[in-house]
Amino acid sequence: IASDSGASAPSPIALTNVRTGLGADAIATALIENLYCLLGKLPQHATRNDWYMCLAYTVRDRMMERYVATLASITETNTAAKAVAYLSAEFLTGPHLGNSLVNLGIWQAVEEALSRVGQDDLSSLLDQEEEPGLGNGGLGRLAACYMDSLATLNVPAIGYGIRYEFGIFDQAIRDGWQVELTDKWLRFGNPWEIVRSEITFDVKLGGRTEPYYDEAGRYRMRWLSEKVVKGVAYDTPVPGYRVPTTNLLRLWKAEAAESFDFEAFNVGDYYRAVDEKIASETISKVLYPNDEPEAGKQLRLAQQYFFVSCSLQDMIRLLIMRGKPLDEFHSYWAAQLNDTHPSIAVAELMRLLVDEHAMEWDQAWAITQQTCGYTNHTLLAEALERWPLPLFARLLPRHLEIIYEINRRFLNDIRLRYPGDDQLLQRLSLIDEAGGKHMRMAHLASVGSHAINGVAALHTELLKQTLLSDFHRVAPEKFFNVTNGVTPRRWIALSNPNLSALITRKIGDRWLADLEHELEHLEPLAIDGDFQKEWQAIKADNKRVLAGLIKERTGIIIEPHSLFDIQVKRLHEYKRQHLNVLYLVTLFNKLRRVSSAAEIPRTVIFGGKAAPGYRMAKLIIKLINSVAAAINQDPVVSQVLKVVFLPDFNVKTSHHVYPAADLSEQISTAGKEASGTGNMKFAMNGALTIGTLDGANVEIRDAVGHENFFLFGLTAAEVERLKAEAYTPRSIYDSNAELREAIDLISSGFFSNGDRGLFQSLVESLITRDDYMLLADYQAYVECQQRVSQAYSDQNAWTRMSILNCARVGRFSSDRSIREYCRDIWNVRPIVPDER
Ligand code: GLS
């Protein structure tokens, strides 16, 4: 059998039908066998979790043949395929079971098998799975969608990341405030991963460097580290959708290189010996819970270096296993840096090639650049990773030297091309000399990569004009746009099975593998009355399901016939959940004054986590809950308006959210949201968008038709212009009576039991600075929401728009994005022809 540990020549091993069979018989037998052999249980004693575990193992078994064969294409000597290494600090995969059933095409067979063994409720077993929350939000989820598409397109790939013991925290809401609870996702074991105890690498940290002469008399540097931690590989198979390819996600767990420091142990210092072990394991202990984070934490840099070093060492190992020389590294690997988090890869690959493998600098540099590509995911200044030089030097002394050398050569080249422009040199330098010196990770990634891409057309343009304008000036040929996409397997087939079945009934089943070209065949049905009815019935069902979930989680009863207006995403001022709240308070004021008879009933649903240290974001959650309580308690207003904060929004919950939406809120300040991907998931499920011209909204609106999109607000250029002209939010507050009434009601203590201080910092920030231009966009937003209500009152017209939104968003499939990466950036091809 082909293994990842050096054995070659896959001889097809004779697996029994019980291990591989995709029919209900084989699966039923396997369930009982696995229950007995792996869990030591008889059916009559099995708990729900036992059934979940044995089902998971049974499904995993069915991936192994394809997994082993795919792996062989990355490990065998006789294969010439180039593979993708997707380096990412986050992979927000979501639960595996349902997705695997969809991709393997065994949903029905599993249902049947379960009922044969007396288990009639697949959905309760799906519910049993603890989702791996190994990401914060869009960036981590994008990595997971891309892994699905890579496999589906038969592109050999390894996703490399960190096996955090604790993923993103679970969110509870107490008295309206967010409370963070540790995410113990591994508590009951993880049946999807395979530990590769034999695949481990040492990662050095700290210490100093020293020059020496090697046997050939060459002057070299070596790194005498202070400590070494060990990375152990944990592999999870990633099955493509109904194709022979099953790729792998390889996550590194940190362990102590020696589990006991024997010297310390021998002198009786037992605790010091154990401390060392704990310190090493800390590296992969917990995911940093900031979306678009501020840099500066030493442990975070250690995490980044840890997983990057293990991954690059593994890539070299695999290349050598294939019998290829190191100078062909870039012909066999395309490494994508998912944001700057893995950007230390540039220096680490140089170190491995030059220091460890004695390659000449110039050759190593050419290989590094040709291997690496860098994706930027944010323009927010506070999110750009910069490391204080002293911290960097302490942890990675050799890398500091290497980066200095990269910088020296790079700036020399610039100096020759742009003589006399010292400002340009300062701006491009990898080191920020202003204030305390800092390492600029986006610069390291840009210099060390052959391709730099933004994640939506507008974002890429802004990247070229602002953040990386100097890099664009000196190397325009490096810049690409790849607009994000999401996988229709999870975001339609798995989460909206009834819609999926309807679509397949009408246009056949090819759309799930070719959304870009097939989904548009729905378009003529948009005006078909019968089809509209079916479409409406499915949406109504999905809304009932979400209403049930909301009742269960919050106790709030909502009306499934009302307009479901949903904003789910991380809490951040630039995403402007509080603009939505200002509108709600405005509506509340209006409904208390005038008869609500003519109002279109709405349920406004929020969900999302705030970074634990982000006070304003947490205060916005409190505000949402406080306003929700007042509205939901008001006997008159609550007839037509309900507001819900759905706690602990995660991938699993989101499966019930996107399919139930009528209206998708994408209302960020123009120029701030790099792309957004929730916007795509909503539209695919037939929600209409109310949004600004930001991120991928721009392209979604162009795709679905401007008449099928509720646009409001300033453009990115207008935002910049207004800011440059000394924007004064207070004058808007003074001149807009409805806005003032809403803000004053918040200030008055009405929503905070008379406490006038509670929301004061929020109100102050709006009236005095309003960095995210809520007041500037307020009136346009309120009016746009009125247009939404009007449109919703004509259900047939709304349904037509809903169908068109779905039919026209095929290009936002992550398959399209991955095809573009393969063509423009990676230069990789599928390993097996598409047989679908
Ligand atoms: C993000 C952006 O904020 C999102 O707009 C984008 O869709 C996502 C994936 O490209 O990346 N950047 C980030 O740091 N977190 C994100 O979600």
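Each chain has its residues counted from 1, running along the sequence as written. Local features in this predicted model are restricted to residues of pLDDT 70 or higher, and side-chain atom pairs are both shown and tallied only at a pLDDT of 80 or more, whereas totals for entire chains, interfaces and linings draw on every residue.

## Here we look at the overall build of the protein chain
Heads up, the rule is: Each helix is a run of DSSP H or I of at least 4 residues and each strand a run of E of at least 2, with the numbering of both proceeding from the N terminus. Both definitions apply: the radius of gyration is a C-alpha atom measure, and the globule rule equals 2.2 Å times residues to the power 0.38. With C-beta atoms placed from the backbone, the exposure class of a residue follows from how many other C-beta atoms lie within 10 Å of its own: 20 or more, buried; 12 or fewer, exposed; in between, partly exposed. The contact criterion used is a C-beta to C-beta distance within 7 Å, with each C-beta placed from the backbone.
Broken down by element type, the protein chain carries 36 helices and 22 strands. In terms of C-alpha radius of gyration, the protein chain reaches 27 Å, essentially the compact-globule figure of 28 Å for 836 residues. In the protein chain, buried positions account for 51% of the 836 residues. Look at the contacts in the protein chain between residues 6 or more apart in sequence, and 76% of them connect residues 24 or more apart.

## Considerations on the site of the ligand
Quick reminder of the rule: Any residue whose backbone-placed C-beta atom lies within 6 Å of a molecule or strand is treated as near that molecule or strand. Following the grouping adopted for this structure description, the nonpolar residues are Ala, Val, Leu, Ile, Met, Phe, Trp, Tyr, Cys and Pro, the charged ones are Asp, Glu, Lys and Arg, and the polar ones are all others, Gly among them. For the domains described, the bounds stem from an automatic or database domain assignment.
Around the ligand lies a shell of 17 residues, among which Gly 138, Leu 139, His 377, Ala 674 and Ser 675 are the nearest. Considered class by class, the residues forming the shell around the ligand number five nonpolar, nine polar and three charged. Both domains that meet at the shell around the ligand, namely domain 2 (80-95 + 130-483 + 820-826) and domain 3 (488-812), each give it at least three residues.

## Thoughts on helix α34 (residues 774-793)
Operational definition: Helix span, expected: 1.5 Å multiplied by one less than the number of residues in the helix. Throughout, bend refers to the angle between the axes fitted to the seven residues that end at a position and the seven residues that start at it.
Under the 1.5 Å per step criterion, the end-to-end length of α34 is 27 Å for 20 residues, consistent within 8% with the ideal 28 Å. A bend of about 30° at Ala 780 is the largest found in α34. Among all positions of α34, only Leu 774, Leu 775, Asp 777, Tyr 778, Tyr 781, Val 782, Gln 785, Val 788 and Tyr 792 are buried.

## Structural notes on the UniProt feature "modified residue: N6-(pyridoxal phosphate)lysine" (unreviewed entry) in the protein chain
Convention followed: UniProt positions are given in the numbering used here, feature names are shortened, and annotations may be inferred rather than shown by experiment.
Mapped onto this numbering, the UniProt entry gives "modified residue: N6-(pyridoxal phosphate)lysine" (unreviewed entry) at Lys 681. For Lys 681, the position within the fold is in helix α28 (residues 678-684). Among all residues touching Lys 681, those that are not within four sequence positions of it are Val 486, Trp 491 and Tyr 658.

## A short note on the packing of helix α25 (residues 577-593) against α34
Rules: Think of each axis as a best-fit line through the C-alpha atoms, taken over the contacting stretch in the case of a helix, with angles from 0 to 180 degrees between the N-to-C directions. When describing relative orientation, an angle under 35 degrees is termed roughly parallel and one over 145 degrees roughly antiparallel, while 65 to 115 degrees is termed roughly perpendicular and anything else oblique. When the near helix sits turned anticlockwise from the far one by under a right angle, the crossing is termed left-handed; a clockwise turn instead gives a right-handed crossing.
Running from amino to carboxyl end, α25 crosses α34 at an angle of 55°, the nearest separation of the two axes being 10 Å. It follows from the interaxial angle that α25 and α34 lie oblique. Considering the relative orientation of α25 and α34, their crossing is right-handed. Between α25 and α34, the residues in contact are His 578, Leu 579, Leu 582, Tyr 583 and Thr 586 and Leu 774, Asp 777, Tyr 778, Tyr 781, Val 782 and Gln 785, respectively.

## So, the packing of helix α22 (residues 497-507) against helix α24 (residues 529-554)
Orientation of α22 relative to α24, taken along the N-to-C sense of each, is 165°, at an axis distance of 9 Å. Between α22 and α24, the interaxial angle falls into the category roughly antiparallel. Both α22 and α24 take part in a crossing whose hand is right-handed. Counted together, Asn 498, Leu 499 and Leu 502 of α22 and Glu 534, Ile 538 and Asp 541 of α24 form the full contact between these two elements. Looking at the contact of α22 with α24, its residues break down into three nonpolar, one polar and two charged.

## A look at the pairing of strand β20 (residues 663-666)
Applied cut-off: By definition, two strands form a pair when at least two bridges between them are found by DSSP.
Residue alternation in β20 divides its side chains into two sets, Leu 663 and Glu 665 and Ser 664 and Gln 666, and both sets are buried. Here strand β17 (residues 563-568) pairs with β20 via two bridges, running parallel. Residue pairing for β20: Ile 566 is matched across the bridge by Ser 664. As defined by bridge partners, β20 adjoins strand β21 (residues 688-691) across four bridges and the pair is classed as parallel.

## Regarding the domain arrangement of the protein chain
Structurally, the protein chain comprises domain 1 (1-78 + 106-118), domain 2 (80-95 + 130-483 + 820-826) and domain 3 (488-812). Computed from C-alpha coordinates alone, the two centres of domain 2 and domain 3 are separated by 35 Å. At the junction of the two partners, domain 2 supplies 38 residues and domain 3 supplies 32 residues. Every element with two or more residues in the side of domain 2 that touches domain 3 is listed here: α8 (138-152), β3 (170-174), β4 (177-181) and α19 (457-465). Of the residues in the side of domain 2 that touches domain 3, the class split is 16 nonpolar, 15 polar and seven charged.

## Details of the sheet that holds strand β19 (residues 641-646)
The strands making up a sheet associate through backbone hydrogen bonding, with each pair oriented either parallel or antiparallel. The strand order across the open sheet formed by six strands is β19-β18-β17-β20-β21-β22, and the pairing between neighbours is parallel. Edge positions in the open sheet fall to β19 and β22 (710-711), since each of these has one partner strand only. Across the sheet, α25 lies against β17, β18 (602-607), β19 and β20, angled at about 155° from β19, the strand it touches most.

## Topic: the environment of Gln 363
Relative to the assigned elements, Gln 363 resides in helix α14 (residues 361-371). With 124 residues separating them along the chain, Gln 363 and Thr 487 place their C-alpha atoms 38 Å apart.

## Concerning the nonpolar core
The condition that has to hold: In this description, a nonpolar core means buried residues of the types Ala, Val, Leu, Ile, Met, Phe, Trp, Tyr and Cys, linked to one another by C-beta atoms lying within 7 Å.
Among the nonpolar cores identified, the biggest contains 245 residues, and Val 84, Ala 85, Met 147, Phe 306, Ala 345, Leu 584 and Val 627 are the most heavily contacted of them. If you tally residues by element for this core, the top one is helix α11 (residues 298-321), at ten residues. Among residues more than four places away in sequence, those in contact with Val 84 are Leu 150, Val 155, Ala 157, Ala 334, Gln 336, Trp 826 and Val 828.

## With respect to the sheet that holds strand β10 (residues 333-338)
Read from one edge of the open sheet, nine strands run β5-β8-β9-β2-β1-β10-β11-β15-β16, paired in mixed fashion. With one partner strand each, in any of the chains shown, β5 (194-205) and β16 (479-481) form the two edges of the open sheet. Taking the axes of each pair of neighbouring strands and ignoring which way they run, one obtains an average angle of 25° across the sheet. Sitting on the sheet, helix α4 (residues 64-75) touches β1 (83-87), β8 (227-239) and β9 (246-256), and the angle it makes with β9 is about 80°.

## Digging into unusual backbone geometry
Positive phi values are uncommon outside glycine, yet Asp 648 reaches one of about 55°. Of note, Asp 648 is situated in the loop between β19 and α27 (651-657). Positive phi values are uncommon outside glycine, yet Asp 770 reaches one of about 50°. Residue position: Asp 770 is located in the loop between α33 (760-769) and α34. Residue classification places Asp 770 among the buried residues on the basis of 22 C-beta atoms within 10 Å.

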